[in-house]
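Listed below, chain by chain, are the residues.
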Amino acid sequence: MGVSVGVGVGKFSLLSTTNLAVLAQANDKCRKHVCWRSTTPFQQRKPISWSVVCGLMLFGLGLISLLTGHMASDLEWYSQRLVRRTLYSTLDGNYRAPIDVWKSQYSQYYYGCSERGRDYAPAVLERMSNGYLLIATSGGLNQQRTGITDAVVVARILNATLVVPELDHHSYWKDDSDFIHIFDVDWFISYLAKDVTIVKRVPDKFMRSMEKPPYTMRVPRKSEPDYYLDQVLPILLRRQVVQLTKFDYRLANNLDDELQKLRCRVNFHALRFTKPIQELGQRIVMRMQKMAHHFIAVHLRFEPDMLAFSGCYFGGGEKERRELGEIRKRWTTLPDLSPDGERKRGKCPLTPHEVGLMLRALGFSNDTYLYVASGEIYGGDETMQPLKDLFPNIYTKEMLADEELKPFLPFSSRLAAIDYIVCDESDVFVTNNNGNMAKILAGRRRYMGHKRTIRPNAKKLSTLLAGRHQMDWDTFAKKVKACQRGFMGEPDEMRPGRGEFHEFPSSCVCKRPYVDEQLSKEVYRPPKLVATNLTAKADSSSNGIRRRGRT
């Protein structure tokens, strides 16, 4: 009995704004009219108090609220969802409304929010910290970006002074760029000054006084904060300088909200590209925008190394199997995979032609402008031609900035940074795999207002694309749209705890109550918008860490 009452009270509190207005009118009536009495002389009736009427009205409204389950601030939002007024809404039984492929109609109700909490403790000063933390990142530009982001968070967990991270010079890309060549290091240090103390190097005087070289260790992937406090902090306190190597995805995905917001401040604000990279990237964006009002950026990720790593087959015969097989030997730990099995699991990137077919089926016309962000396309012009037939207006950074690009050509990470800028500024971003750049950019675009981001549902599309010749175009397009539900970058695709935080930064995205604009004009003035964080956590500690060993 106690449980049912508790549920009833909880549900009863979920009355909508409209219901509350009705209740207010009912209360006014209760004050003005004491009771109702019959004037018929032949029958005596007991007077009915207006309080009883009010009670019945309250019960009825409460029952309605219980059955509908509408939250007050989101009543209009969910009522629209009930009548299927969404991206793929059905206006009648046989007709589907045109897809707004350029922008979600609900994106305006979301915005990035990564401010520090009121009880957030200031950064520990260098002379008061537990020691110096050195970080050696791993992989390409965007993989290293995740490592840098988590390095700042780990430094805060340990109350350590962070030394500007060292970039990877020995990976497949063989880029000898340092942090200062890609990111604005002074901005990085100053922007995060309230979070972590960051220095460019360990002071010489301190290094000379050390009896031993810095202690080097590698932590397990996705380690919890407690691991760093239990295993790394004691060594840091004893040695004063510790270096963590191969630092990519070495911190747990789910953290306290304050630490997640720190991740967002690092990734989306502090990591700003150097002026030469930023300026060239923006010039390319402006040139695309000058040619077309809207443009799509497509990250094809169809380079030989990616295809070899995937273990998939793309129809190139024995020549393809031999060439990709040789490249695959570079990774000695990769298992033998079934190409057909990988494709059925959705692990294979689409070919450029298949990407073009998907975009045309979604509703993009052949006069749409495409910016292709990619390195060397396996198969060259022969592989790209079917995509060019579908979308003749295709451009790359090499086509738009030939001479200006020459100083950057020897450095793959700087070229990747330019592509990153153009993809970020595009109206629609289409990724062809779920790699590091795809995740980082998807998360950033969600944080910046849920800009349209399309990821192919490769698991379903692979079967559909294989059988496309057995159906007419309209049927194929209809099926593609159905396959892509949930893969179009809509706000409701992001839920707390889903996927990698870098891709789904739910702690850092806030929403405003949805208000139907036409309804608000005709019925009532919309209430003041109140920001609501998307995470389900109602309260969190000020810093989300246990403080130990503070010196």
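Residues numbered from 1 in each chain as written. Predicted model: local features only at pLDDT ≥ 70, side-chain atom pairs only at ≥ 80, totals over all residues. Heavy atoms only, no water.

Caption draft 1: Highlighting the overall build of the protein. Looking only at helices and strands, one finds 23 helices and 15 strands in the protein. Per-residue burial over the protein gives 49% buried out of 551 residues. Long-range contacts, defined as pairs at least 24 residues apart, comprise 77% of the intrachain contacts of the protein with a sequence gap of at least 6. If you sum the accessible surface of the protein, you get close to 28400 Å²; carbon and sulfur atoms cover 54% of it. (Helix = DSSP H or I, 4+ residues; strand = E, 2+ residues; numbered from the N terminus. Buried < 20%, exposed > 50% of the residue type's maximum accessible area, 1.4 Å probe, protein only. Contact = heavy atoms within 4.5 Å. Areas by Shrake-Rupley, 256 points an atom, 1.4 Å probe, with all protein chains shown as cover.)

Caption draft 2: Up close: the sheet that holds strand S6 (residues 198-199). Read from one edge of the open sheet, five strands run S6-S5-S4-S8-S7, paired in parallel fashion. Each edge of the sheet is formed by a strand with only one pairing partner; in this case those strands are S6 and strand S7 (215-217). Note that S7 and strand S8 (residues 241-244) share three bridges and pair parallel. When the sheet's bridge partners are listed, Met217 is paired in S8 with Leu244. Its contacts with the sheet place helix H5 (residues 141-158) against strand S4 (132-135) and strand S5 (161-163), and it is angled at close to 160° to S4. Contacting S4, S7 and S8, helix H9 (residues 225-239) crosses the sheet at an angle of about 135° to S8. (Pairing = 2+ DSSP bridges. Axes fitted to C-alpha atoms, helices over the stretch in contact; angles between N-to-C directions.)

Caption draft 3: How the structure looks around the packing of H5 against helix H10 (residues 257-270). The geometry of H5 relative to H10 is characterised by a closest axis approach of 9 Å and an angle of 135° between their N-to-C directions. Classified by the angle between their axes, H5 and H10 sit oblique to one another. The crossing of H5 and H10 is right-handed. Of the residues in H10, those touching H5 at Arg145, Ile148, Thr149, Asp150, Val152, Val153, Arg156 and Ile157 are Leu259, Leu262, Arg263, Val266 and Asn267. (Parallel < 35°, antiparallel > 145°, perpendicular 65-115°, else oblique. Left-handed = near helix turned anticlockwise from the far one by under 90°.)

Caption draft 4: Here's a closer look at the pattern of salt bridges. According to the stated counting rule, one finds 25 salt bridges in the structure shown. Measuring nitrogen to oxygen at the nearest pair gives 2.7 Å for the salt bridge that ties Glu342 to Arg345. Classification of Glu342 by relative accessible area gives buried; the value is 9%. (Salt bridge = Lys/Arg side-chain N within 4 Å of Asp/Glu carboxyl O.)

Caption draft 5: Structural view of the side chain of His502. For His502, the location among the structural elements is in the loop between helix H22 (473-483) and strand S14 (509-511). Taking relative accessible area as the criterion, His502 reaches 5% and is therefore assigned buried. Sequence-distant contacts of His502, that is, excluding residues within four places in its chain, are made with Thr146, Thr149, Asp150, Tyr249, Arg263, Asn267, Lys439, Ile440 and Gly443.

Caption draft 6: Structural detail: the sheet that holds strand S11 (residues 394-395). Here we have five strands laid out as an open sheet, ordered S11-S10-S9-S12-S13, and parallel in their pairing. In this open sheet, the two strands that pair with only one neighbour each are S11 and strand S13 (453-454). Taken together, the four bridges between strand S9 (residues 295-299) and strand S12 (residues 428-431) define a ladder with parallel strand orientation. Across the sheet, the residue bridging to Ile296 is Val428, located in S12. Strand contacts of helix H20 (residues 436-447): S9, S12 and S13, with the helix running at about 155° to S12, the strand carrying the most contacts.

Caption draft 7: Inspection of the packing of aromatic side chains at higher detail. The tally for this structure, following the rule as stated, stands at twelve aromatic pairs. Measuring from ring centre to ring centre gives 5.2 Å for Trp102 and Phe364, while their planes differ by 90°; the resulting arrangement is edge-to-face. With Trp102 in the loop between helix H4 (75-82) and strand S3 (110-112) and Phe364 in the loop between helix H15 (352-362) and strand S10 (369-373), this pair connects stretches of sequence that are 262 residues apart. Relative accessible area serves as the criterion here: at 22%, Trp102 is assigned to the partly exposed category. Relative accessible area serves as the criterion here: at 2%, Phe364 is assigned to the buried category. Between Tyr227 and Tyr228 the ring centres are 6.2 Å apart and the planes differ by 90°, which places this aromatic pair in the edge-to-face class. Tyr227 sits in the partly exposed class, given a relative accessible area of 28%. What links up through ring pairs into an aromatic cluster is the set Phe179, Phe183, Phe188, Phe273 and Tyr420. The ring of Tyr120 has Arg265 sitting right over it, with the charged end atom 5.3 Å from the ring centre. Stacked on the ring of Trp187, the Lys or Arg Arg272 has its end atom at 3.9 Å from the ring centre. (Phe/Tyr/Trp six-rings, centres within 6.5 Å; stacked < 30°, edge-to-face > 60°. Lys NZ or Arg CZ within 6 Å of the ring centre and 35° of its normal.)

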